[in-house]
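Inside the fold
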Amino acid sequence: RPAQPLFRLRRQRDRRLAVSARSKRGPAARSALPLQLGSTAGVFTVRARRLLWVATDDGNVQLTRDGGSTWLNVMVPTLDADARVVSIEASHASPGRAYIAVDRHFTGDMRAYVFVTDDYGATWRSLSANLDPADFVHVVREDPQNAAVL
């Protein structure tokens, strides 16, 4: 199936404006711009007016800092096409920080995967080390009053 474009609507009665292009996943797509949404649904989060994080069900994580004119692929290097990014959440406290929760249950991998970036996706680190292998994580969010509490 072809990937789905991401649309922007400034006001309810405006026409949709595509801010991404249709593309496929693969080695060439990993470095391609603009954004490639996965073969099915994507998840996204917006914190600042022009800052948008998007993740898909096939491991893609991408970011625009200019409202969709340009896109940067900021995927977690250890994720593959079997990694479903089920949620992405931008930080309330730090503009370069975002959290993702990853699901691999359908492959038989029952562990919980959580990653965070503090530098707009240039690097990612795992937050999964202290999670029980039987735990499942669907969403990670910062407390709005205390960014140290997830």
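Just above sits the structure.
First things first, this report covers the structure right here in the doc. (Residues numbered from 1 in each chain as written. Predicted model: local features only at pLDDT ≥ 70, side-chain atom pairs only at ≥ 80, totals over all residues. Heavy atoms only, no water.)

This brings us to the pattern of salt bridges. Counted under the stated rule, the structure contains seven salt bridges. Residues Asp 80 and Arg 104 are paired through a salt bridge, measuring 2.9 Å at the closest nitrogen-oxygen approach. Placement of the pair is Asp 80 in the loop between strand E6 (72-73) and strand E7 (84-90) and Arg 104 in the loop between strand E8 (98-103) and strand E9 (113-117), with a sequence separation of 24 residues. Looking at Asp 80, the relative accessible area reads 32%, which means it is partly exposed. Accessibility expressed as a relative area gives 17% for Arg 104, which makes it buried. Salt bridges linked by common partners bring Asp 80, Arg 104, Asp 109 and Arg 111 together as one network. (Salt bridge = Lys/Arg side-chain N within 4 Å of Asp/Glu carboxyl O. Helix = DSSP H or I, 4+ residues; strand = E, 2+ residues; numbered from the N terminus. Buried < 20%, exposed > 50% of the residue type's maximum accessible area, 1.4 Å probe, protein only.)

The subject of this paragraph is the sheet that holds strand E10 (residues 125-126). The strand order E7-E8-E9-E10 describes an open sheet built from four strands, whose pairing is antiparallel. Strand pairing shows two members of the sheet lacking a second neighbour, E7 and E10, which therefore form its edges. Judged from the five bridges that link them, E8 and E9 form a sheet pairing that is antiparallel. The residue bridging Ala 98 from the neighbouring strand is Thr 117, located in E9. (Pairing = 2+ DSSP bridges.)

This part is about the environment of Thr 56. Secondary-structure assignment places Thr 56 in strand E4 (residues 52-56). In the structure, Thr 56 is positioned 46 residues away from Val 102 in sequence and 10.0 Å away in space, judged by C-alpha atoms.

Overall, the coordinates contain one aromatic pair when judged by the stated rule. Taking NZ or CZ as reference, Arg 65 lies 3.5 Å from the ring centre of Tyr 120, over its face. The ring of Phe 106 has Arg 84 lying over it, and the distance from NZ or CZ to the ring centre is 3.9 Å. (Phe/Tyr/Trp six-rings, centres within 6.5 Å; stacked < 30°, edge-to-face > 60°. Lys NZ or Arg CZ within 6 Å of the ring centre and 35° of its normal.)

With five of its five residues buried, E4 lies for the most part within the structure. In this sheet, strand E5 (residues 61-64) lies alongside E4 in antiparallel orientation, the contact comprising four bridges. Residue Ala 55 lies in a different strand from E5, and its bridge partner there is Val 61. Between E4 and the antiparallel strand that follows it, E5, lie four residues; Gly 59 among them carries a positive phi value of about 90°.

Across soluble globular proteins, nonpolar side chains have a tendency to be buried as a group. Among the nonpolar cores identified, the biggest contains 18 residues, and Trp 53, Val 61, Leu 79, Ile 100, Val 102, Phe 115 and Trp 124 are the most heavily contacted of them. If you list the elements that add at least two residues to this core, you get E4, E5, E7, E8 and E9. Contact partners of Ile 100, with chain neighbours within four places excluded, come to Val 61, Val 76, Leu 79, Val 85, Ser 87, Ile 88, Tyr 113, Val 114, Phe 115 and Trp 124. Residues Tyr 99, Ala 112, Val 137 and Val 140 belong to the second largest nonpolar core, which totals seven residues. (Core = buried A, V, L, I, M, F, W, Y, C linked by side-chain atoms within 4.5 Å. Contact = heavy atoms within 4.5 Å.)

Below, the discussion takes up the side chain of Asp 66. Tracing the backbone through its elements, the reader meets Asp 66 in the loop between E5 and E6. Separated by 2.7 Å, the side chains of Asp 66 and Thr 64 make a polar contact. At a separation of 3.0 Å, a polar atom in the side chain of Asp 66 contacts the main-chain amide nitrogen of Ser 69. (Polar contact = N/O pair within 3.5 Å; in protein donor to acceptor, adjacent residues only side chain to side chain.)

This part takes up the side chain of Asn 73. Tracing the backbone through its elements, the reader meets Asn 73 in strand E6. Using a relative accessible area of 18% as the deciding quantity, one classes Asn 73 as buried. Of note is the side chain of Asn 73, whose polar atom sits 3.1 Å from the backbone nitrogen of Met 75.

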